[in-house]
Amino acid sequence: MTARSELLERHSYNPIEALYWLLLIGTFFAFPNYLSIATTVVIMALFALSLDLVLGFAGIVTLGHAAYFGIGAYTAALLASGGWREPIIDAVLAGLASAGLALMIGPALLLLDGLPLIMVTMAVSAILFEAANKASWLTGGDDGLRDFSFLPVFGLFPWSVYGQTSYLYALGWLALLFVLVRRVVSSPFGVALQGIRENRARMRLIGSPVIGHLVRAYTLSAFMAGIAGAVHAQTNKFVSLEVLGIDTSVDVVVMLVLGGIGRLYGALIGAPIYILVKHFAAEWNPYHWMFIIGALLIVAVRFGYGGLLGILGRIEAWFARARGTRKP
Amino acid sequence: MTAALETFDLCKTFGALKVVDRVSLRLPQGARHALIGPNGAGKTTLVQLLSGVLRADSGRILLAGADITTSSQQRRVKQGLVRTFQVTNLFRGLSVLENVFLAVSERQGASRQMFAAAGRRRDLIERAEAIIEQLGLAGDRHRRISEIAYGQQRLVEIAVALSLDPKVLLLDEPAAGIPSRETSLLLDAVERLPPDIAILMIEHDMHVVRRFAREVSVLVGGRILMTGLPHEVMSSQEVHSVYLGQAGQKRFTAGVPHV
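The numbers attached to residues start from 1 for each chain and follow its sequence in the written order. Chains carry letters from A onward and ligands carry numbers from 1 onward, assigned in written order. Per-residue local features of the predicted model are confined to residues with pLDDT of at least 70, and side-chain atom pairs are confined, for both listing and counting, to 80 or more; whole-chain, interface and lining totals are unaffected and use all residues. As a rule here, side-chain values come from all non-hydrogen atoms in the structure, and water together with hydrogens is ignored.

Colleague: Residue-level account of the packing of aromatic side chains, with values.
Modeller: Residues and elements named next belong to chain A. Side-chain rings of Phe, Tyr and Trp (the six-membered ring for Trp) are treated as a pair once their centres are within 6.5 Å; stacked means planes under 30 degrees apart, edge-to-face means over 60, and tilted covers the remaining angles. In total, this model carries 14 aromatic pairs over all chains according to the counting rule given. An angle of 85 degrees between the planes, with centres 5.4 Å apart, marks the rings of tyrosine 20 and tryptophan 21 as edge-to-face. Here the two residues tyrosine 20 and tryptophan 21 agree in accessibility, since each one is buried. Residues phenylalanine 28 and phenylalanine 29 carry aromatic rings whose centres are separated by 5.1 Å and whose planes lie at 90 degrees to one another, so their mutual orientation is edge-to-face. Assessed through its relative accessible area of 62%, phenylalanine 29 is described here as exposed. Joined through ring pairs, the aromatic side chains of Phe148, Phe150, Trp159, Tyr169 and Trp173 make up one cluster. Should the NZ of a Lys or the CZ of an Arg lie within 6 Å of a ring centre and within 35 degrees of the ring normal, that charge is described as sitting over the ring. Above the face of the tyrosine 13 ring, arginine 182 is positioned so that its terminal group lies 3.9 Å from the ring centre. Relative accessibility thresholds used throughout: buried, under 20% of the residue-type maximum; exposed, over 50%; partly exposed, between the two (1.4 Å probe, protein chains only).

Written out as structure tokens, the structure is:
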């Protein structure tokens with residue numbers, strides 16, 4: 001039992017959060033040779049955060065979120081190839097392209113729930129994957145898109161070989177969109193999403209425009225996923241079909257489950273765990289890294305509903321109880 | 001004066017079975033009306049017709065004079081026709097305050113606000129807390145629905161309904177499944193509801209009906225057998241005979257004071 005309402009206190013920051021962001025900034029100085037993988041971590045954290053908004057907060061189960069990541073990546077690359085090389089507006093346009101698709105299919109898609117929804121979201125991303133594969137004149141097909149480049153960020157910071165600009169640029173987007181998502185889930189709209197997740201039918205009976213709310217959350221999430229995809233394209237200077245693949249959709253769900261669904265920081269913690277474990281496990285044994293990820297996933301699901309953050313929360317509660325009982 | 005809620009010759013048939021048969025009811029503003037009847041009389045179907053879960057085959061429903069016969073459930077709620085459920089239907093993982101907040105926020109049109117913090121909307125929280133206080137739930141407002149007693153859950157049902165500013169409130173067997181000690185708490189709460197709301201209570205328990213109702217209608221076989229003051233209805237031979245044969249006789253007369 002909590003003394004206050006967590007749901008209505010989401011807007012207040014906890015000082016311990018600063019630690020996370022300091023770690024990300026510290027990475028920049030401490031591991032200059034690992035900035036490339038750190039950039040991937042930040043981008044996937046952003047992508048996982050976009051998924052958390054729909055999966056964690058609105059209860060929309062999807063296995064096709066790569067569709068929006070991929071559209072963002074291709075849009076960014078195509079705009080740059082076409083001559084629009086300013087990175088920030090490029091990323092925003094890419095986000096809008098993804099949001100546009102979500103807004104178009106959302107009203108029909110979100111009438112579904114559970115397994116049918118999973119299947120349809122998978123189908124949508126599979127169709128996009130095949131379409132991108134076939135339209136090789138536009139997307140480069142199997143070869144992907146390369147030979148595009150971007151102007152310096154803010155006109156000041158050129159894209160360096162060692163990836164300093166890439167890392168800070170991606171981190172900037174993550175911080176900005178994190179603040180945005182946090183505002184949204186703390187708002188009355190965010191509370192309504194929680195209600196829909198808990199009991200969709202009942203929300204309808206208190207007069208809530210359920211589908212409208214879901215479409216908005218889904219569109220915002222697609223916008224963020226699109227930006228994550230765009231940043232991926234911008235920092236890698238390369239886009240391949242992989243961004244639209246089912247693996248990408250599944251990876252991001254696994255990251256979120258590992259970190260903790262519906263907790264904002266779950267996405268931010270799950271992405272580094274997944275990517276770093278995968279990286280080092282693959283170095284250790286290139287054939288069996290999946291085994292380690294699988295074991296982690298089982299532990300997270302079996303012992304920590306709520307992922308790593310859930311486990312930490314229960315350890316903290318256990319210490320608090322232990323302290324409480326020792327007091328006279 | 002226009003009635004708060006009025007039905008004209010409402011009918012609903014399932015296959016060959018006429019479940020609701022030409023039901024005409026009239027609830028003036030501030031009504032305290034009870035609908036009683038044996039099992040299978042069509043009470044639940046009538047509630048479903050009124051709340052919009054089911055569509056009537058024929059007949060009309062007027063809410064404050066406006067025809068809502070074909071309106072959706074959501075639309076009816078927006079227009080002020082709110083119901084509670086026989087089996088509690090709440091957000092079980094959320095606290096009492098959060099449940100009521102959801103309804104208040106929806107009613108005040110705040111649920112589209114995406115960027116203001118819900119926790120800083122003091123107006124919404126205070127309104128929710130006032131309603132919780134009114135139903136005597138203040139001490140439990142931070143407990144989850146799944147953690148509180150069933151009787152309290154019924155009170156939360158009413159709190160959620162009240163948050164929607166009803167003009168007409170349908171209470172579907174509010175006392176069903178709760179211990180009699182808690183029934184009296186529930187009735188206290190119902191008695192404190194704003195007097196201008198018209199309330200239609202579907203109820204089996206005659207103790208409850210006697211305490212609550214100023215007017216009683218008896219539904220039998222889908223039809224209104226009679227409507228009248230509680231003591232008239234309860235002393236009617238015709239009504240008695242309907243309940244006879246079902247073990248209901250004893251329960252039925254239990255509510256009538258000794259002469």
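Colleague: Residue-level account of the sheet that holds strand E1 (residues 5-14) of chain B, with values.
Modeller: Residue and element names in this part refer to chain B. Any two strands with at least two DSSP bridges between them are considered paired. The way it works is that DSSP assigns letters per residue, a run of H or I at least four long becomes a helix, a run of E at least two long becomes a strand, and they are numbered from the N terminus. The sheet built from four strands is open, its strands ordered E2-E1-E4-E5 with antiparallel pairing. The open sheet is flanked by strand E2 (17-27) and strand E5 (66-67), the only strands paired with a single partner. In this structure, E1 lies alongside E2, joined through seven bridges in antiparallel fashion. Bridge pairing in E2 places lysine 12 opposite valine 20. Along the sheet, helix H1 (residues 43-51) contacts E1, E2 and strand E4 (58-63); its crossing angle with E1, the most-contacted strand, is approximately 120 degrees. Throughout, a contact is declared for two residues whenever any of their heavy atoms are within 4.5 Å. Helix axes are fitted only over the stretch in contact, all axes being lines through C-alpha atoms; the angle between N-to-C directions runs from 0 to 180 degrees.

Colleague: Can you lay out the layout of surface pockets for me, pointing to particular residues and giving the numbers?
Modeller: Residue and element names in this part refer to chain A. Approximately 700 Å³ is the volume attributed to the second largest pocket. What lines the second largest pocket is a set of 31 residues, among which Thr40, Met44, His232, Asn236 and Glu242 lie closest to the centre. Broken down by secondary-structure element, the contributors of at least two residues to the lining of the second largest pocket are helix H2 (35-57), helix H10 (210-236), helix H11 (246-259) and helix H12 (265-284). Per-element tally for the lining of the second largest pocket: the top contributor is H2, with seven residues. Among the residues making up the lining of the second largest pocket, the classes are represented as 14 nonpolar, twelve polar and five charged. Grid points spaced at 1 Å over the protein atoms alone were grouped into cavities, where a 1.4 Å probe fits but cannot get out, and pockets, open sets with protein on both sides within 12 Å along at least five of seven lines, with lining residues defined by an atom within 4 Å of a point. Grid points are joined across faces, edges and corners, and a volume is the space filled by probe spheres set on the points. Under the scheme applied here, ten amino acids are nonpolar (Ala, Val, Leu, Ile, Met, Phe, Trp, Tyr, Cys and Pro), four are charged (Asp, Glu, Lys and Arg), and all others, including Gly, are polar.

Colleague: Break down the sheet that holds strand E3 (residues 32-36) of chain B for me, with residues and values.
Modeller: All names here are of chain B. If you walk across this open sheet you meet the six strands as E6-E7-E8-E3-E9-E10, and the pairing is mixed. Pairing within the sheet leaves two strands with one partner each, and these edge strands are strand E6 (81-83) and strand E10 (223-228). Taken pair by pair, the neighbouring strands of this sheet meet at an average axis angle of 20 degrees, ignoring direction. Here H1 sits on the sheet and contacts E3, E6, strand E7 (168-172), strand E8 (198-202) and strand E9 (215-220); the angle it forms with E7, its principal contact strand, is near 150 degrees.

Colleague: Run through the side chain of B:Glu182, naming residues and quoting values.
Modeller: Relative to the helices and strands, B:Glu182 resides in helix H6 (residues 180-191). Residues within four places of B:Glu182 in sequence aside, it is in contact with B:Ala149, B:Gly151 and B:Gln152.

Colleague: Explain helix H8 (residues 188-198) of chain A to me, using residue names and the numbers behind them.
Modeller: Counting buried residues along H8(A), nine of its eleven residues qualify, which places the element largely inside the surrounding structure. Listed as buried for H8(A) are A:Pro188, A:Phe189, A:Gly190, A:Val191, A:Ala192, A:Leu193, A:Gln194, A:Gly195 and A:Ile196. Looking at the buried residues of H8(A), the elements they touch are H2, helix H7 (164-186), helix H9 (200-205) and H10 of chain A together with helix H3 (96-107) of chain B.

Colleague: For the domain arrangement of chain B, give the residues involved together with the corresponding values.
Modeller: Residue and element names in this part refer to chain B. As far as domains go, chain B holds domain 1 (1-29 + 55-70), domain 2 (83-208) and domain 3 (214-259). These domain boundaries are the output of an automatic or database domain assignment. The straight-line distance from the C-alpha centre of domain 1 to that of domain 2 is 26 Å. Two parts placed together each lose some accessible area under a 1.4 Å probe, and adding up what both lose gives the buried area. Buried surface at the junction of domain 1 and domain 2, summed over both partners, amounts to about 470 Å²; 85% is from carbon and sulfur atoms. Its largest share of buried area at the contact with domain 2, domain 1 owes to Leu5, Leu27 and Gln29, together 65% of the area lost on that side. Each salt bridge in this description consists of a side-chain nitrogen of Lys or Arg and a carboxyl oxygen of Asp or Glu lying within 4 Å of one another. Linking domain 1 to domain 2 there are zero salt bridges. Residue classes in the side of domain 1 that touches domain 2 are distributed as six nonpolar, one polar and no charged.

Colleague: I'd like a description of the interface of chain A and chain B, backed by residues and values.
Modeller: Counting from both sides, the interface comprises 33 residues of chain A and, opposite them, 36 residues of chain B. Carbon and sulfur atoms make up 63% of the surface buried where chain A meets chain B, a total of about 3,100 Å² over both sides. For the pair chain A and chain B, the interface holds one salt bridge. One salt bridge in this structure joins B:Glu157 and A:Arg202, with 3.7 Å as the shortest N-O distance.

Colleague: So what's going on with a nonpolar patch on the surface? Which residues, and what values?
Modeller: All names here are of chain A. Note that patches include only residues with greater than 30% relative accessible area and no salt bridge, and the join distances are 9 Å for like charges and 5 Å for nonpolar side chains (Val, Leu, Ile, Met, Phe, Trp, Tyr). The Shrake-Rupley method, run with a 1.4 Å probe sphere, supplies the accessible areas, and residue values consider only the shown protein chains as cover. Residues Leu308, Leu312, Ile315, Trp318 and Phe319 make up a contiguous nonpolar surface patch of roughly 490 Å² in combined accessible area. Examined against the element boundaries, isoleucine 315 turns out to sit in helix H14 (residues 307-326). Take isoleucine 315: its relative accessible area is 40%, and that puts it in the partly exposed class.

Colleague: Explain the side chain of B:His33 to me, using residue names and the numbers behind them.
Modeller: Residues and elements named next belong to chain B. With respect to the helices and strands, the residue histidine 33 is situated in strand E3. Take histidine 33: its relative accessible area is 1%, and that puts it in the buried class. Polar contact criterion, stated in full: a pair of N or O atoms within 3.5 Å, where within protein one must be able to donate a hydrogen and the other to accept it, and residues adjacent in sequence count only if both atoms are side-chain atoms. A polar contact is formed between the side chain of histidine 33 and the side chain of serine 217, at a distance of 2.6 Å. Setting aside its immediate chain neighbours within four residues, histidine 33 contacts Leu25, Arg26, Leu27, Ile199, Leu200, Met201, Phe212, Glu215, Val216, Ser217 and Thr227.

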